[in-house]
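Each chain, written out:
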Number of protein chains: 2
Amino acid sequence: MGKLVIVGTVAFDAIETPFGKTDKILGGAATFIGLAASHFDVDAAAISIVGGDFPQEYLDLLSDSNIDTSGIEIVKDGKTFFWSGKYHNDMNTRDTLVTELNTLEDFNPVVPESYKNAEVVMLGNLHPLVQTSVLDQMTKKPELVILDTMNFWMDCALDDLLNVIKRIDVITINDEEARQLTGEYSLVVAARKIHTMGPKYVVIKKGEHGALLFHNDNVFYAPALPLEEVFDPTGAGDTFAGGFAGYIAKTGDTSFENMKNAIIYGSTLASFCVEKFGTERMQNLTSKEIQKRLLQFKQLTQFEIELT
Amino acid sequence: MGKLVIVGTVAFDAIETPFGKTDKILGGAATFIGLAASHFDVDAAAISIVGGDFPQEYLDLLSDSNIDTSGIEIVKDGKTFFWSGKYHNDMNTRDTLVTELNTLEDFNPVVPESYKNAEVVMLGNLHPLVQTSVLDQMTKKPELVILDTMNFWMDCALDDLLNVIKRIDVITINDEEARQLTGEYSLVVAARKIHTMGPKYVVIKKGEHGALLFHNDNVFYAPALPLEEVFDPTGAGDTFAGGFAGYIAKTGDTSFENMKNAIIYGSTLASFCVEKFGTERMQNLTSKEIQKRLLQFKQLTQFEIELT
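Residues numbered from 1 in each chain as written. Chains lettered and ligands numbered in written order. Predicted model: local features only at pLDDT ≥ 70, side-chain atom pairs only at ≥ 80, totals over all residues. Heavy atoms only, no water.

(A) Examining the overall build of chain A more closely. When you go through chain A residue by residue, the secondary structure sums to 11 helices and 14 strands. In chain A, buried positions account for 60% of the 308 residues. Here the analysis covers contacts within chain A between residues at least 6 apart in sequence; of these, 64% occur between residues at least 24 apart. Across chain A, the centroid of the 26 positively charged side chains sits 4 Å from that of the 43 negatively charged ones. (Helix = DSSP H or I, 4+ residues; strand = E, 2+ residues; numbered from the N terminus. Buried < 20%, exposed > 50% of the residue type's maximum accessible area, 1.4 Å probe, protein only. Contact = heavy atoms within 4.5 Å. Lys, Arg positive; Asp, Glu negative; His and termini not counted. Charge placed at Lys NZ, Arg CZ, Asp CG, Glu CD.)

As structure tokens, this is what we get:
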């Protein structure tokens, strides 16, 4: 059983979509990553920070999913990070309504002693210096470090971002961010440029159009499952990353062929995430449902052509 | 060896892309469909109309590709259909600069006697009444009728379009057109609505994001090959349709499983089409090159997950 370190936000979200709106509900990158990774036989720990306003039941929810929460700092007199957003009708774009950093502003992640030798490290979207700090605490070089980031850090902390990117193995990034980071429109060319920045593996997320995995001249394309409706895209990218990281940690196999499977697991889990608000769908997802949807992914993509 | 009837334009195109521009070169839906279908062991005929200004060498090019051209009417004192367009920087959108219908205005397609019993009919993008006329001439119900169309006919000839759509088996349409035809944003819901209009199979083309095949509750997703650069997208959709139709005509198998392969062949051929201006890349494409790219498509999409 591989060890997996997850760093990211554990937070409150308030979400508005064409289908309705929520009050403050459980959210955050580490939450979605953890819930996704919990479907694999891994020893995972979430590292984050919350305020005294954060309900114990949310922490219990992570513990009950076998996520070690000893690395989640609770600042008794602080408030938990809060994000609120509104999705447009096409569900592909959204406006951020509120961002209250709160305790996140002074987040100094502390990796629990027993996880400093973890095989896989998943750096969720956070300030690049926070991501760097986690890497610095590892006593053994991890077999795979995965980093997720966003355009905000390219605008505000590009040098720090480039420094941490040098030290990682896999970057997950969306198509527009890949273009912003490299100045290249073609995703093939963008991926090649990102390779030269450090990551041997580049995962480009294209939302409803799926995800691409690049490794030198190898490419793998996992479509997103065509859905009747996307109810709430919040957390889909983190769920994808969590499924990817969890599968790699469980199998301990970082070959390109195995990463293909990790991508498919990530896509499969993300296809559930968007079916309900927030973490709701991920909280009672069974392995039978996952297996059934994996079969759908196979039928969606696999074909039999004999080459001559 | 199956018979394939192709109706569509045989035309002059003048194309401008960020990479350069062309004078009047060979174009037209039936041209691209025919060149793609010629890679399969089929007995294909192109039905179209050109003017006296159309070079014999272009007709020879089709004949040399084993396309019967006896159904291409030559109006000695007429001019050939001419289209000119300019692609924007993202290559996904274009402006039409010139459309001269010329002889196409009075096109009455005549299916050559020996092709009236063809197994597969490919109705390229044309006025729906012209597409209907071809179907009316078939003496034996074809095993598969494929129709391509565009938003222009939805705007100007919707009733005629709906009438011919009732009589076909497969429609190929792009994502925005599927949304326009049905008023549904979700492609899954749009495809279901199109099923009720007649076609048992709905192919939705998403350009650089690939193509979806719907048949009742079955879905297949073929990605487009990620390319370093798309040089000229003109004809890619017709090439895709021609590969699809050619493969079905050759194999004589209209099962969903075999249509998956037809989609992959269509995508493979289209990935060559966009590499050069107009038909240039399609004119000297070898089966060895096609087999090599099919292997790339396999590597791009195939994975090995054991389901439990």
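(B) Highlighting the interface of chain A and chain B. Taken together, the contact pairs 38 residues of chain A with 38 residues of chain B. Considering only the side of chain A, the residues that lose the most area to chain B are A:Tyr221, A:Phe303 and A:Ile305, jointly responsible for 19% of the buried surface there. The tally of links between chain A and chain B comes to 2 salt bridges. Ionic pairing is found between B:Arg192 and A:Glu228, a salt bridge with its closest N-O pair at 2.4 Å. Scanning the region where chain A abuts chain B turns up 20 residue pairs in polar contact (both at pLDDT 80 or more). Counting only elements with at least two residues in the side of chain A that touches chain B, the list comes to α7 (187-197), β14 (218-222), α9 (256-273) and α11 (287-301) of chain A. Considering each element in turn, the side of chain A that touches chain B owes the most residues, 8 residues, to α11(A). (Buried area = accessible area lost by both parts, 1.4 Å probe. Salt bridge = Lys/Arg side-chain N within 4 Å of Asp/Glu carboxyl O. Polar contact = N/O pair within 3.5 Å; in protein donor to acceptor, adjacent residues only side chain to side chain.)

(C) Structural context of the packing of aromatic side chains. Within this structure, the stated rule accounts for 21 aromatic pairs over all chains. Taken together, a centroid distance of 6.4 Å and an interplanar angle of 55 degrees make the contact between A:Tyr221 and B:Tyr221 tilted. Residue A:Tyr221 is located in strand β14, and its partner B:Tyr221 is located in strand β14 (residues 218-222); the two belong to separate chains. The residues A:Tyr221 and B:Tyr221 share a single accessibility class, namely buried. Ring centres 4.8 Å apart and planes at 80 degrees place the aromatic pair B:Phe152 and B:Trp153 in the edge-to-face group. Residue placement shows B:Lys3 over the ring face of B:Tyr115; its charged tip is 5.8 Å from the ring centre. (Phe/Tyr/Trp six-rings, centres within 6.5 Å; stacked < 30°, edge-to-face > 60°. Lys NZ or Arg CZ within 6 Å of the ring centre and 35° of its normal.)

(D) Broad picture of the relation of the copies chain A and chain B. Mapping chain A onto chain B leaves a residual RMSD of 0.0 Å; the transformation is a rotation of 180 degrees accompanied by 0.0 Å of translation along its axis. Both copies are brought into coincidence by an operation consistent with a two-fold rotation axis. In this assembly the copies share their binding face: 100% of the residues contributing to the interface of chain A also contribute to that of chain B. (Least-squares fit on C-alpha atoms with pLDDT ≥ 70 in both.)

(E) Broad picture of the sheet that holds β14(A). Residue and element names in this part refer to chain A. Read from one edge to the other, the open sheet built from 9 strands follows the order β6-β5-β1-β9-β10-β11-β12-β13-β14, with strand pairing classed as mixed. One side of each edge strand has no neighbouring strand; the edge strands of this open sheet are β6 (67-75) and β14. In this sheet, adjacent strand axes meet at a mean angle of 15 degrees when their direction is disregarded. Both strand β11 (residues 170-174) and strand β12 (residues 201-205) contribute to a ladder of 5 bridges, which runs parallel. Counted as the bridge partner of Ile171 is Val202 from β12. Along the sheet face, α9 touches β10 (144-148), β11, β12, β13 (211-215) and β14 and points at about 20 degrees away from the line of β14. (Pairing = 2+ DSSP bridges. Axes fitted to C-alpha atoms, helices over the stretch in contact; angles between N-to-C directions.)

(F) Main features of the pattern of salt bridges. Residues and elements named next belong to chain A. Scanning the entire structure with this criterion turns up 28 salt bridges over all chains. Close ionic contact of Glu100 with Lys79 constitutes a salt bridge, the shortest N to O distance being 3.9 Å. A residue pair is termed long-range when its members are at least 10 positions apart, and Glu100 in strand β8 (residues 94-100) and Lys79 in the loop between β6 and β7 (82-87) qualify at 21 residues. The network of salt bridges with shared partners includes Glu275, Arg281, Glu289 and Arg293.

(G) Region of the structure containing the confidence of the model for chain A. This prediction gives chain A a mean pLDDT of 96; 100% of its residues lie at or above 70. Note on the complex model: pTM 0.93, ipTM 0.90. (pLDDT = per-residue confidence, 0-100.)

(H) A look at helix α11 (residues 287-301) of chain B. When the terminal C-alpha atoms of α11(B) are compared, their 21 Å separation across 15 residues agrees well with the 21 Å that a helix rising 1.5 Å per residue should span. All of the buried residues in α11(B) are B:Ile290, B:Gln291, B:Arg293, B:Leu294, B:Phe297, B:Leu300 and B:Thr301. The elements touched by buried residues of α11(B) are β14 and α11 of chain A together with α9 (256-273) of chain B. (Expected span 1.5 Å × (residues − 1).)

(I) Focus on the sheet that holds strand β10 (residues 144-148) of chain B. Residues and elements named next belong to chain B. The 9 strands are arranged β6-β5-β1-β9-β10-β11-β12-β13-β14 in an open sheet whose pairing can be described as mixed. Both edges of this open sheet fall to β6 (67-75) and β14, since each of them pairs with a single strand only. Across the sheet, the axes of successive neighbouring strands diverge by a mean angle of 15 degrees, strand direction being ignored. Where strand β1 (residues 3-7) and strand β5 (residues 43-51) come together, 5 bridges link them in parallel fashion. In the sheet register, Leu4 faces β5, and the bridge partner there is Ala44.

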